[in-house]
Structure formats: structure tokens, C-alpha cells
Amino acid sequence: PNHVSVLGVLSALFSAYLYWSSQFEVALLTVAAMFLLISGFLDALDGVLARLYGEVTVFGGFLDSLLDRYADAFVFLGIILGWLITNPNPVWMFWGLAALVGSLLVSYSRARAEAAGTKMESIGIAERAERIIILVVATLLSIVWADALRWSMLLLAVLTNLTVLQRVIYFKKASKKKELATPIV
């Protein structure tokens, strides 16, 4: 399973390279989207394989999570740096950076809440699978609408940071319940 996780991050790295070097050429963007999908598929597959073969480990879960963050960062940076080549518009770069930060904080908020004993799986509207789908659809839409990928960054900036807010609110309520249920000694 750990090897599959590594293949997933390598697929994301290649996707990021294609986004960066594509100069928004349709054929390269399409291949970038395919490698992003492969990365997402491998991310799902590594956990399935670990459970299927009884190889679930704490380290494997940690490594998978860590590599997912690298994969996310690579892809967002590939898109952002690709804009530097074609059109260094600071507005779009801001939204790209806001989407990147939001994406990382979605994962951080889950990890931090779960370390404190509150499950966060499926809390929020823009988990990793949704983010990948949005990027892939926007990339493919850019074949007919050149600005689709740019607008997806704005959408992801809003959705990822909204997801973080949803998780903050959920965690606050859950921790309040725990505090009220725990007798003070």
C-alpha cells in the first residue's frame, strides 16, 4: 500500500508538471487531468489494499496523509506557476494561493480534531475527492471555456475555506459536548 501511495504522489507531481508547462495547451491539460485522476484513484486504492491484505498501520495512514498533502500542493502550485508563464495576473494567483491554503487547512483541521478525539471524516463540502473532481472537470471544461480552470480556483478557494469553517464549527460543538459530559474533578 505504501508503494501505491508513492505512485499516487508521483502521478500528482507529473500532473503538476504538465499544468505548469502546458501554457494552457488543451492536449497537455487533458493529460494533466488524467494524471490527477490517476493520483486520486491510487490514493483511494492504497487504503483498500491495506485493509484487504491486513497491512493497515499507523505509519501507513500517516504516510498516506502526508503524501496527499504533497500531491495537493504540487498540483495547485503547478497550476499557479503555469499562470506565471501565460498571464501573471495577481488576482488569479491570489485565488490559487487561497485554494492551496484552504486545501491544506481542510486536511490540517481534520488531523488536529481527530488528534483531539473528534472524527471529521465527511465533515465539510470540499474534501480531497471533491477538490480533485472540481479540478479535473474545470480542466476538461477549459477545452471549450478558457477561463474554467481560473474560476475553479476561485470556487476552490471559497469551498475549501468554507469546509475549514464547517469543521471548526463542528469541532467546537463536539468539544463543548465532551466538556459538558465530562465531570469536573
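Located above this text is the structure these notes cover.
What you are looking at is a predicted structure, and each value in this text was computed from that prediction instead of being measured. One numbering rule holds for all chains: residues counted from 1, following each sequence as written. Totals for whole chains, interfaces and linings use all residues, but because this is a predicted model, local features are given only for residues with pLDDT of at least 70 and pairs of side-chain atoms are given and counted only at 80 or more. Note: side-chain values were computed over all heavy atoms of the structure, leaving out hydrogens and water.

1. Some details on the overall build of the protein
Phase 1 of the analysis: Elements are defined by DSSP. Helices are runs of H or I of four residues or more, strands are runs of E of two residues or more, and each kind is numbered from the N terminus. Each helix and strand counted, the protein has six helices and zero strands in total.
Phase 2 of the analysis: When the helices and strands of the protein are read in sequence order from the N terminus, they spell out α-α-α-α-α-α.
Phase 3 of the analysis: Against the 2.2 N^0.38 benchmark of 16 Å for 185 residues, the protein shows a C-alpha radius of gyration of 18 Å, consistent with a compact globule.
Phase 4 of the analysis: Structurally, the protein occupies a C-alpha span of about 65 × 40 × 20 Å along its principal axes.
Phase 5 of the analysis: Buried positions account for 42% of the 185 residues belonging to the protein.
Phase 6 of the analysis: Considering only contacts in the protein between residues 6 or more positions apart, those separated by 24 or more positions represent 75%. Our radius of gyration looks at C-alpha atoms and nothing else; its globule reference is 2.2 Å times the residue count to the power 0.38. Buried, partly exposed and exposed residues are distinguished by accessible area as a fraction of the type maximum, computed with a 1.4 Å probe on protein chains only: under 20%, between the cut-offs, and over 50%, respectively. Contact between two residues is taken to exist if any of their heavy atoms lie within 4.5 Å; hydrogens are not considered.

2. Focus: the pattern of salt bridges
Phase 1 of the analysis: The salt bridge criterion pairs a side-chain nitrogen of Lys or Arg with a carboxyl oxygen of Asp or Glu, the two atoms within 4 Å. Following the criterion strictly, the structure yields eight salt bridges and no others.
Phase 2 of the analysis: Measuring nitrogen to oxygen at the nearest pair gives 3.3 Å for the salt bridge that ties Arg69 to Asp72. Taken as a pair, Arg69 and Asp72 lie in helix 3 (residues 58-86) at a separation of three residues, close to a single helical turn. Asp72 carries the same exposure label as Arg69, and that label is buried.
Phase 3 of the analysis: Where Glu114 meets Arg110, a salt bridge forms, and the shortest distance between an N and an O atom there is 3.1 Å.

3. As for empty space enclosed by the protein
Phase 1 of the analysis: Put plainly, a pocket is an open set of points on a 1 Å grid over the protein atoms alone with protein on both sides within 12 Å along at least five of seven lines, a cavity is a set where a 1.4 Å probe fits but cannot get out, and a lining residue has an atom within 4 Å of a point. Grid points are joined across faces, edges and corners, and a volume is the space filled by probe spheres set on the points. In this structure the tally under the stated criterion is two cavities of 30 Å³ or more.
Phase 2 of the analysis: One number sums up the size of the largest cavity: a volume of about 60 Å³.
Phase 3 of the analysis: Around the largest cavity, the lining residues are Leu36, Ala71, Asp72, Val75, Phe76, Ser103, Arg128, Arg131, Ile132 and Leu135.
Phase 4 of the analysis: When residues of the lining of the largest cavity are traced back to their parent elements, those giving at least two are helix 3 and helix 5 (128-141).
Phase 5 of the analysis: Polarity classes work like this: nonpolar for Ala, Val, Leu, Ile, Met, Phe, Trp, Tyr, Cys and Pro, charged for Asp, Glu, Lys and Arg, and polar for all others, with Gly in that last group. Here the residues of the lining of the largest cavity sort into six nonpolar, one polar and three charged.

4. A few points about the environment of Ile79
Phase 1 of the analysis: Here Ile79 shows up in helix 3.
Phase 2 of the analysis: Judged by its relative accessible area of 0%, Ile79 falls in the buried class.
Phase 3 of the analysis: Separated by 57 residues in sequence, Ile79 and Ser22 have C-alpha atoms that sit 9.4 Å apart.

5. Concerning unusual backbone geometry
Working note: non-glycine residues mostly have negative phi, and peptide bonds are mostly trans.
Phase 1 of the analysis: Unusually for a residue other than glycine, Ser122 sits at a positive phi of about 70 degrees.
Phase 2 of the analysis: By the element assignment, Ser122 lies in the loop between helix 4 (90-115) and helix 5.

6. Quick notes on a nonpolar patch on the surface
Phase 1 of the analysis: What makes a patch is a set of residues exposed beyond 30% relative accessible area and free of salt bridges, joined within 9 Å when like-charged and within 5 Å when nonpolar (Val, Leu, Ile, Met, Phe, Trp, Tyr). Note on areas: Shrake-Rupley with a 1.4 Å probe; residue coverage comes only from the protein chains shown. Nonpolar side chains collect at one region of the surface, where Val26, Ile133, Val137, Leu140, Leu141, Ile143, Val144, Trp145 and Trp151 lie side by side and expose about 840 Å² of accessible area between them.
Phase 2 of the analysis: Among the elements that take part in the nonpolar patch, helix 5 stands out by supplying four residues, more than any other.
Phase 3 of the analysis: For Val137, the location among the structural elements is in helix 5.
Phase 4 of the analysis: Owing to a relative accessible area of 44%, Val137 belongs among the partly exposed residues under this scheme.

7. Things to note about the packing of helix 4 against helix 6 (residues 148-181)
Phase 1 of the analysis: Inter-axis angles, ranging from 0 to 180 degrees, are taken between N-to-C directions of lines fitted to C-alpha atoms, where helices are fitted over the stretch in contact. It is at 7 Å that the axes of helix 4 and helix 6 come closest, and there the two elements cross at 25 degrees. Classified by the angle between their axes, helix 4 and helix 6 sit roughly parallel to one another. Of the two elements, helix 4 crosses helix 6, and the hand of that crossing is left-handed.
Phase 2 of the analysis: Classifying every residue of the contact of helix 4 with helix 6 gives 14 nonpolar, eight polar and three charged. In what follows, roughly perpendicular refers to angles from 65 to 115 degrees, roughly parallel to angles under 35, roughly antiparallel to angles over 145, and oblique to any angle outside these ranges. Left-handed is the label given to a crossing in which the near helix is rotated counterclockwise from the far helix by less than a right angle, and right-handed is the label when the rotation is clockwise.

8. A word on the side chain of Ser103
Phase 1 of the analysis: When you line up the elements, Ser103 lands in helix 4.
Phase 2 of the analysis: The residues contacting Ser103, other than those within four sequence positions of it, are Asp72, Phe76, Arg131 and Thr160.

9. Considerations on the layout of surface pockets
Phase 1 of the analysis: Each pocket or cavity is described by its volume, and for the largest pocket that value is around 1,200 Å³.
Phase 2 of the analysis: Those elements that place two or more of their residues in the lining of the largest pocket are helix 1 (2-21), helix 2 (26-52), helix 3, helix 4 and helix 5.
Phase 3 of the analysis: Sort the elements by how many residues they give to the lining of the largest pocket and helix 2 lands first, with eight residues.
Phase 4 of the analysis: When its residues are assigned to classes, the lining of the largest pocket shows 11 nonpolar, nine polar and 15 charged.

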